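This is what each chain is made of:
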Amino acid sequence: MNKSLLAGLLIIVLMIAASLFGQYFAPHSLDEHQGVTYVVDGNGDGDLTVPPIAPNKQYPLGTDKEGYDMLAKLLAGSKYTIFVSLVIAISRLLLGGTIGLFLGYISKAKPARTEKLPIWNILNGIPIFIIVWMIMIGITMNPAASPLYMTTILAVILTLVGTPTVASTMKEKTMILREKQFILSAKSIGSGHFTIIRRHIFPHLLESFLILFVQEIVLSLSLFGQLAIFNIFVGGTTQYFDPVQYVSRTNEWSGLIGQARDYLFIYQWVLFIPLVVYIVFILGFHLISIGLEQTYKQKFSKVSHI
Amino acid sequence: MPKALQITLLVPGILLFVLLFGMFPVVLQTDHFEGALSFNWSGGFSTIAEYMKGMWSGQSFQYLSGKTEHSFWDQIGSSFSVTFFYITVGGLIGATLGVLLGVYFGISRIKWLKRILELTAVMPDFVIVLLLQFLIVFIATETGYVIFDVASFSTDDPAIALPLISTIIIPANYMIRNVALHMSNTLTEDYINFAKARGLSKRYIIFYHALPNVLPFVKADLHKFMGILFGNLFIFEYLFNLGGVTMFVFSNAFAFDGYQYSLVVNGILTLLLLYAIVYSLLRLVIFGAEKVIIR
């Protein structure tokens, strides 16, 4: 166990724990509401409080413009950010991994040294984000469905659009593994296809699966964020007219960032605090991924001559 | 599939894809009372038919901005040149910088620099943009001096420095990591050891023995690089308020009388055209580099 891996795991475990149990310790709940108050003290000095309130003792992370506690909002949203990204990453790996393993195992082609890219790659000009935007934009504004239902739709879409890349990575790795000597020996002593996949190929792919899993989480988190910049929030968007305003229904973290984008110049904590939490969360996974890569590198890599 | 057939199928195939893909907002509907999803396939296909018919009459190249009708051809020019400027400069400088720095990172042993680089690479584009903007605002409030414009406030006075920095660093970052990885892999090969044994200088080995074997990977990864460049384009143009093609499509996709299918399709085709131009430009640069380095 190395330091980066440990630090990363610590951050993630703490955040998951906070998301599960944090609401019982938080000073304010999500429906507590700080209105405009005017208090006159003994000397006759008036004290006017208007939300948004900057971080202070009573509100450690401040409040938003409507006077709701930022900490409570972050805790409420954390469930969506954390668990939806986990679910998406797991289902992408399950689906893409199975397809890739299968295709790589049955494929007749030899693995190419440099990837031979089909000409269809010009479709890279249309990024995944646009595809998801196209699908979601029609249904995400003021939906009648529950936030959970909307989240499920988004999760399914994000899983489907992310599966092909996972599958192609896994296919390549399987194709390389399939050519190894130990597979040949396993075949020569009469192992069946299922045994070869289960006992010889899959264990070697495990590390790739693990690293890919962490990367997929980071990828889906950044997609959440990109969508949120364009007012598509996880769990649906509430759109207010006059003035036009977009509000996340679930308080999901990237949604909080997206809806607070205008606070760049004033009341900056409303934007900055969710942004920091979001960055720390990604950082945690990044550390885990570095740690894992280091662990595997020490086992297998060759040494540079220069 | 033979290559000739692939190329002949390419244009109609991509056209078909864009046509189908643009109809999503028409096809996918939610019930406004129960929230259930429903698919309106016939509506989607009739939109395509309408677009085809409109091609001849010119109706498909008209769009509404709010309630005013504009011609697509009149308006696309300026957006095209804005996007073209950022994406060419970002792509060319990003790729060159990426390869050079990647070579450097492949051989250097400075760990912390690599760590910082990896960290910025994992951050989503919009986080980097927001942090850059934050930095500018912070410096401005502390010192009263505005280094760069945070965003464009009008088309006459576009923000240039900050968007360019962002369009360069994010794809360059990917390039650096990729080149550095393949560089350090290449340097473990036996022929490098052999070159060293012959007494060739370090610089010579790196540029004439290792780099030519890294360039094929760069070429193969160019589509991914372009994908990152284009994926981020949407975020840049939106956050920096640049009047490019993506902003043109996004801000007008839903006009007064609803979703404008023809505008979205035309806009995406324009983007693909840009993609093809910038991609061939980059391939040309790599081709030149190969000629210089190898012979």
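Residues numbered from 1 in each chain as written. Chains lettered and ligands numbered in written order. Predicted model: local features only at pLDDT ≥ 70, side-chain atom pairs only at ≥ 80, totals over all residues. Heavy atoms only, no water.

Novice: Would you mind showing me how to read the overall build of chain A here?
Specialist: Scanning chain A from terminus to terminus reveals 8 helices and 4 strands. Reading chain A from its N terminus to its C terminus gives the helix and strand order α-β-β-α-α-α-α-α-β-β-α-α. Against the 2.2 N^0.38 benchmark of 19 Å for 306 residues, chain A shows a C-alpha radius of gyration of 24 Å, more extended than a compact globule. The dimensions of chain A, computed from C-alpha atoms along their principal axes, are 95 × 45 × 40 Å. Taking all 306 residues of chain A together, 47% fall into the buried category. (Helix = DSSP H or I, 4+ residues; strand = E, 2+ residues; numbered from the N terminus. Rg over C-alpha atoms; globule rule 2.2 N^0.38 Å. Buried < 20%, exposed > 50% of the residue type's maximum accessible area, 1.4 Å probe, protein only.)

Novice: Any chance you could explain the interface of chain A and chain B here in plain terms?
Specialist: Think of interface size as the accessible area that goes away when the parts come together; that is how it is often given. Taken together, the 53 residues of chain A in the interface contact 72 residues of chain B. Buried surface at the junction of chain A and chain B, both sides included, amounts to about 5800 Å², of which 78% is carbon and sulfur. Counting across the chain A and chain B interface gives 1 residue pair in polar contact (both at pLDDT 80 or more). Looking at the side of chain A that touches chain B, the elements that each hand over two or more residues are α3 (128-137), α4 (147-178), α6 (193-229) and α8 (269-300) of chain A. Among the elements that take part in the side of chain A that touches chain B, α8(A) stands out by supplying 10 residues, more than any other. (Contact = heavy atoms within 4.5 Å. Buried area = accessible area lost by both parts, 1.4 Å probe. Polar contact = N/O pair within 3.5 Å; in protein donor to acceptor, adjacent residues only side chain to side chain.)

Novice: Which parts of the structure should I look at to understand the UniProt feature "transmembrane region" (unreviewed entry) in chain B?
Specialist: Taking the numbering used here, the UniProt-annotated feature "transmembrane region" (unreviewed entry) corresponds to residues 7-28, 84-107, 119-139, 159-176, 229-251 and 263-286 of chain B. When the span residues 263-286 of chain B is considered, its composition is 100% helix and 0% strand, and the gap between its end C-alpha atoms is 35 Å. (UniProt positions renumbered as here; feature names shortened; annotations may be inferred.)

Novice: Explain the layout of surface pockets to me, please; I cannot follow it from the model alone.
Specialist: The rolling of a water-molecule-sized probe over the atoms marks out the regions of remaining empty space. In this structure, the second largest pocket spans a volume of roughly 1400 Å³. Together, 49 residues line the second largest pocket, and Asn231(A), Thr238(A), Gln245(A), Tyr246(A) and Val247(A) are the ones closest to its centre. Contributions of two or more residues to the lining of the second largest pocket are made by α2 (70-106), α3, β3 (237-240), β4 (245-248), α7 (253-259) and α8 of chain A together with β1 (28-30) and α11 (245-252) of chain B. For the lining of the second largest pocket, the leading source of residues is β4(A), giving 4 residues. When the residues that make up the lining of the second largest pocket are grouped by side-chain class, the tally is 27 nonpolar, 15 polar and 7 charged. (1 Å grid on protein atoms, 1.4 Å probe; cavity = no way out; pocket = protein on both sides within 12 Å on 5 of 7 lines; lining within 4 Å. Points joined across faces, edges and corners; volume = space filled by probe spheres on them. Nonpolar A, V, L, I, M, F, W, Y, C, P; charged D, E, K, R; others polar.)

Novice: Sorry, what's going on with the packing of helix α7 (residues 161-186) of chain B against helix α10 (residues 222-239) of chain B here?
Specialist: Two measures define how a pair of helices packs: the angle their axes make with one another and the distance between the axes. Residues and elements named next belong to chain B. Look at α7 against α10: their axes get within 10 Å of each other, and the N-to-C directions meet at 150°. Between α7 and α10, the interaxial angle falls into the category roughly antiparallel. The way α7 lies across α10 gives a crossing that is right-handed. For the pair α7 and α10, the contacting residues are Ser166, Thr167, Ile170, Pro171, Ala172, Tyr174 and Met175 in the first and Leu222, Lys224, Phe225, Ile228, Leu229, Asn232 and Phe236 in the second. In terms of residue class, the contact of α7 with α10 is made up of 10 nonpolar, 3 polar and 1 charged. (Axes fitted to C-alpha atoms, helices over the stretch in contact; angles between N-to-C directions. Parallel < 35°, antiparallel > 145°, perpendicular 65-115°, else oblique. Left-handed = near helix turned anticlockwise from the far one by under 90°.)

Novice: Hey, could you run me through the UniProt feature "transmembrane region" (unreviewed entry) in chain A in this one?
Specialist: Residues and elements named next belong to chain A. UniProt's feature table lists "transmembrane region" (unreviewed entry) at residues 80-106, 118-141, 147-170, 209-234 and 266-292, given in the numbering used throughout. The straight-line gap between the two end C-alpha atoms of residues 80-106 is 38 Å; of that span, 100% is helix and 0% is strand. Note that residues 266-292 is 89% helix and 0% strand, and that its end C-alpha atoms are spaced 41 Å apart.

Novice: Please clarify how the environment of Ile90(A) should be interpreted in this entry.
Specialist: With respect to the secondary-structure elements, Ile90(A) resides in helix α2. Between the C-alpha atom of Ile90(A) and that of Leu14(A), which follows or precedes it by 76 residues, the distance is 20 Å.

Novice: How do you make sense of unusual backbone geometry when you look at a structure like this?
Specialist: In terms of backbone geometry, most residues other than glycine have negative phi values and most peptide bonds are trans. Positive phi values are uncommon outside glycine, yet Asn231(A) reaches one of about 65°. Within the fold, Asn231(A) resides in the loop between α6 and β3. Assessed through its relative accessible area of 13%, Asn231(A) is described here as buried. Although it is not a glycine, Asn241(B) adopts a positive phi angle of roughly 60°. One can find Asn241(B) in the loop between α10 and α11. Using a relative accessible area of 39% as the deciding quantity, one classes Asn241(B) as partly exposed.

Novice: For this particular structure, what's the right way to read the side chain of His182(B)?
Specialist: Among the structural elements, His182(B) can be located in helix α7. Setting aside residues no more than four positions away along its own chain, His182(B) makes contact with Val214(B) and Phe217(B).

Novice: I tried to follow the packing of α2(A) against α4(A) on my own but got confused; where do I start?
Specialist: Residues and elements named next belong to chain A. Running from N to C, α2 and α4 cross one another at 35°; their axes reach a closest spacing of 5 Å. Viewed along their axes, α2 and α4 form a crossing whose handedness is right-handed. In terms of residue class, the contact of α2 with α4 is made up of 19 nonpolar, 10 polar and 3 charged.

Novice: How should the pairing of strand β2 (residues 46-49) of chain A be read in this particular structure?
Specialist: Along a regular strand, successive side chains alternate from one face of the sheet to the other. Residue and element names in this part refer to chain A. Pairing of strand β1 (residues 37-40) with β2 involves 4 bridges; the strand directions are antiparallel. Note on β2: the bridge partner recorded for threonine 37 is threonine 49. From the end of β1 to the start of β2, which pair antiparallel, there are 5 residues, and glycine 44 there has a positive phi angle of about 85°. (Pairing = 2+ DSSP bridges.)

Novice: Looking at this structure, how should I read the nonpolar core?
Specialist: Across soluble globular proteins, nonpolar side chains have a tendency to be buried as a group. Met136(A), Phe285(A), Phe126(B) and Phe230(B) are the most contacted members of the largest nonpolar core, which totals 140 residues. Both of domain 1 (3-57) and domain 2 (72-294) of chain B provide at least three residues apiece to this core. Residue contacts for Phe285(A): discarding those within four places in its chain leaves Ile12(A), Leu86(A), Val214(A), Ile217(A) and Val218(A). With 13 residues, the next largest nonpolar core counts Tyr105(A), Leu177(A), Ile183(A) and Ile201(A) among its residues. (Core = buried A, V, L, I, M, F, W, Y, C linked by side-chain atoms within 4.5 Å. Domains from an automatic or database assignment.)

Novice: Honestly, the domain arrangement of chain B in this entry has me stumped. Any pointers?
Specialist: All names here are of chain B. Segmenting chain B into domains produces domain 1 (3-57) and domain 2 (72-294). A separation of 31 Å is found between the C-alpha centroids of domain 1 and domain 2. Contacts between the two partners involve 13 residues from domain 1, matched on the other side by 9 residues from domain 2. When domain 1 packs against domain 2, close to 870 Å² is buried across both sides, 82% of that on carbon and sulfur atoms. Between domain 1 and domain 2 we count 0 salt bridges in total. Connecting domain 1 to domain 2 are 2 residue pairs in polar contact (both at pLDDT 80 or more). Those elements giving two or more residues to the side of domain 1 that touches domain 2 turn out to be α1 (3-22), α2 (24-27) and α3 (41-57). Per-element accounting of the side of domain 1 that touches domain 2 gives the leading share, 7 residues, to α1. Its residues assigned to classes, the side of domain 1 that touches domain 2 comprises 11 nonpolar, 2 polar and no charged. (Salt bridge = Lys/Arg side-chain N within 4 Å of Asp/Glu carboxyl O.)

Novice: Before we go on, may I ask you to explain empty space enclosed by the protein in this structure?
Specialist: Inspection of the entire model under this criterion finds 1 cavity of 30 Å³ or more. For the lining of the largest cavity, the secondary-structure elements that each account for two or more residues are α3 of chain A together with α11 and α12 (261-294) of chain B. The class makeup of the residues in the lining of the largest cavity is 11 nonpolar, 2 polar and no charged.

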